[in-house]
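# Observations on the three-dimensional arrangement
Here is what each chain is made of, one letter per residue.
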Amino acid sequence: MQRARIVVKVGSSSLTDPLSGLLSPDKVRMVAGQLAAILPGASHEVVLVSSGAIAAGRARLGWSATRTLPEKQAASAVGQSLLIEMYQREFACQGRVVAQILLTRSDMEDRRRFVNIRNTFETLLGANVLPIVNENDTVSVNEIRFGDNDSLAALVAILICAQHLILLTDIDGLYTEDPRSDPQARRIVEVANIDDHVRTLGGASGSSVGTGGMRTKIRAAEMATASGVTVSIASAGEPDVIRRLLLGDQIGTRFAARQDRLNARRSWLAHGSRSVGRLFMDEGAVSALRRSGGSLLAPGIERIEGQFDEGAIVDLMDPRGKCIGKGIVSFSAHDLEYFTTLRSKRDQLRGLPEVVHRNDMALLPQ
Ligand code: GLU
């Protein structure tokens, strides 16, 4: 029987003591206990994405804040070992073996490394080990950072083709208004489609401990649902929250997986890969891509940004400057620049190969 795969992400504030900032053994035990409870039936394969390293390290070092990147990196080096040690102990009591996986953004950007990481996850899950993932904060400088574990968790869910991503935090879901200041605020139970309205609801961030907030959770939900993953945002403090979410209880906010999901390779292209340039398309090209499922041809490109060779990954921009997807180009930036100078003489552009072939393109949902 195919076991359902889930990714559970727990935020720093859900693992630390609000006063001391230290890791809270009770909170860690609650997460471990819940996961252990759903694992014995072997009906689920679970990956845990856990924050808390920087917060725990900061408290252990007696620092009131970590402002600079080296301070955060140092705090995470101290805190990550405390965090994994605590999980190790809690899961050992439940007879479970855990594994630590620390990732950076650049590990995911390279297709070969992405596939390698997937193989590692497959091997661990096959051996009934619970992988516990965090960003490798100690070596992650700004350019290669995820910056928040919500995006990291969404990419892990995409990587292992999970069915459900559960984001546990200190708020019990997405609200119509900020519930801390507006008594009229209502929790949204189900989101069928993440549109601009939903994105604006994420504006008010929740917690002061982690780096996330609602905005990064909605962005994570957007990434994961586009790849066919159901996403839930719920409170880590809700009793038995993980099992109840899996049973379909109406707690938290659930974001429906999209039916027109991207396949695994396109999901990586859309969300894992890093673009090195931008192609600005005219309206005709956008409509050919969106409506007719066509490839991108040279006459449809108005402008180019960046220096890249053929085979590079670029953002595909509509005439209003909105990124509608990504693709792998068949021409260098130099050649494409030249093509744009020939736009008035379209005949000369006819018969050229596709600039981005349909099979090398991932369009984001509208
Ligand atoms: N990786 C960070 C940590 O473990 C947390 C990032 C986040 O809060 O999203 O402390």
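Residues numbered from 1 in each chain as written. Predicted model: local features only at pLDDT ≥ 70, side-chain atom pairs only at ≥ 80, totals over all residues. Heavy atoms only, no water.

### A closer look at the overall build of the protein chain
- When you go through the protein chain residue by residue, the secondary structure sums to 12 helices and 13 strands.
- The globule rule puts the C-alpha radius of gyration for 366 residues at 21 Å, and the 22 Å found for the protein chain is close to it.
- In terms of overall dimensions, the protein chain has a C-alpha envelope of 70 × 45 × 40 Å along the principal axes.
- Of the contacts formed within the protein chain by residues at least 6 apart in sequence, a portion of 72% connects residues at least 24 apart.
- Roughly 16,600 Å² of accessible area belongs to the protein chain as shown, and the carbon and sulfur atoms make up 49% of that amount.
- Here the protein chain contributes 44 positive and 41 negative side-chain charges, whose respective centroids are spaced 2 Å apart. (Helix = DSSP H or I, 4+ residues; strand = E, 2+ residues; numbered from the N terminus. Rg over C-alpha atoms; globule rule 2.2 N^0.38 Å. Contact = heavy atoms within 4.5 Å. Areas by Shrake-Rupley, 256 points an atom, 1.4 Å probe, with all protein chains shown as cover. Lys, Arg positive; Asp, Glu negative; His and termini not counted. Charge placed at Lys NZ, Arg CZ, Asp CG, Glu CD.)

### Considerations on the sheet that holds strand β3 (residues 98-103)
- Spatial strand order, β3-β4-β2-β1-β5-β7-β8-β6: eight strands in an open sheet with mixed pairing. At either margin of the open sheet sits one strand with a lone partner, and together these are β3 and β6 (190-191).
- Relative to strand β8 (residues 253-255), β6 is paired through two bridges, and the arrangement is parallel. Bridged to Glu 190 within β8 is Arg 254.
- Of the strands in this sheet, β1 (4-10), β5 (164-169), β7 (230-235) and β8 touch helix α8 (residues 214-226), which is tilted by about 155° from β7. (Pairing = 2+ DSSP bridges. Axes fitted to C-alpha atoms, helices over the stretch in contact; angles between N-to-C directions.)

### Overview of the confidence of the model for the protein chain
- Residues of the protein chain with pLDDT of at least 70 account for 95%, and the chain-wide mean is 90.
- The secondary-structure element of the protein chain with the lowest mean pLDDT is helix α7 (residues 196-201), recorded at 88, while strand β11 (residues 313-317) shows the highest, at 98.
- Here residues 205-211 is a poorly scored stretch, pLDDT under 50, and it has 17 contacts once near neighbours within four places are set aside; other chains count. (pLDDT = per-residue confidence, 0-100.)

### Quick word on the sheet that holds strand β13 (residues 356-363)
- Reading across from one edge, β10-β9-β11-β12-β13 is the order of the five strands in this open sheet, with mixed pairing throughout. Sheet topology places β10 (301-305) and β13 at the edges, where each strand pairs with a single neighbour. Geometrically, the sheet is characterised by an average inter-axis angle of 30° between neighbouring strands, direction not taken into account.
- Pairing of β11 with strand β12 (residues 323-329) involves five bridges; the strand directions are antiparallel. Bridge pairing in β12 links Val 314 to Gly 327.
- Along the sheet, helix α10 (residues 264-272) makes contact with β11, β12 and β13, crossing β13 at roughly 70°.
- On top of the sheet, helix α12 (residues 333-341) reaches β9 (277-281), β10 and β12; it is set at about 145° to β10, its chief contact.

### Some details on the pattern of salt bridges
- Considering all chains together, one arrives at 22 salt bridges under this definition.
- The salt bridge partner of Asp 240 is Arg 243, with a shortest N-O separation of 2.8 Å.
- What makes Asp 240 partly exposed here is its relative accessible area of 31%.
- One network of salt bridges, with partners in common, ties together Arg 5, Glu 45 and Glu 122. (Salt bridge = Lys/Arg side-chain N within 4 Å of Asp/Glu carboxyl O. Buried < 20%, exposed > 50% of the residue type's maximum accessible area, 1.4 Å probe, protein only.)

### Regarding helix α5 (residues 111-126)
- Between the first and last C-alpha of α5 there are 22 Å, a value that for 16 residues agrees with the 22 Å anticipated at 1.5 Å per step.
- Within the span of α5, buried status applies to Phe 114, Ile 117, Arg 118, Phe 121, Leu 124 and Leu 125. Take α5 and look down its axis: the buried residues cluster within an arc of 125°, on one side only. Exposed side of α5, more than 90 degrees from the buried face: Arg 112, Thr 123 and Gly 126 are the residues found there.
- Where α5 starts, the residue carrying a side-chain oxygen 3.1 Å from the main-chain nitrogen of Arg 112 turns out to be Asp 110.
- Just downstream of α5 lies Asn 128, where phi reads positive at about 60°. (Expected span 1.5 Å × (residues − 1). Arc of directions from axis to C-beta. Polar contact = N/O pair within 3.5 Å; in protein donor to acceptor, adjacent residues only side chain to side chain.)

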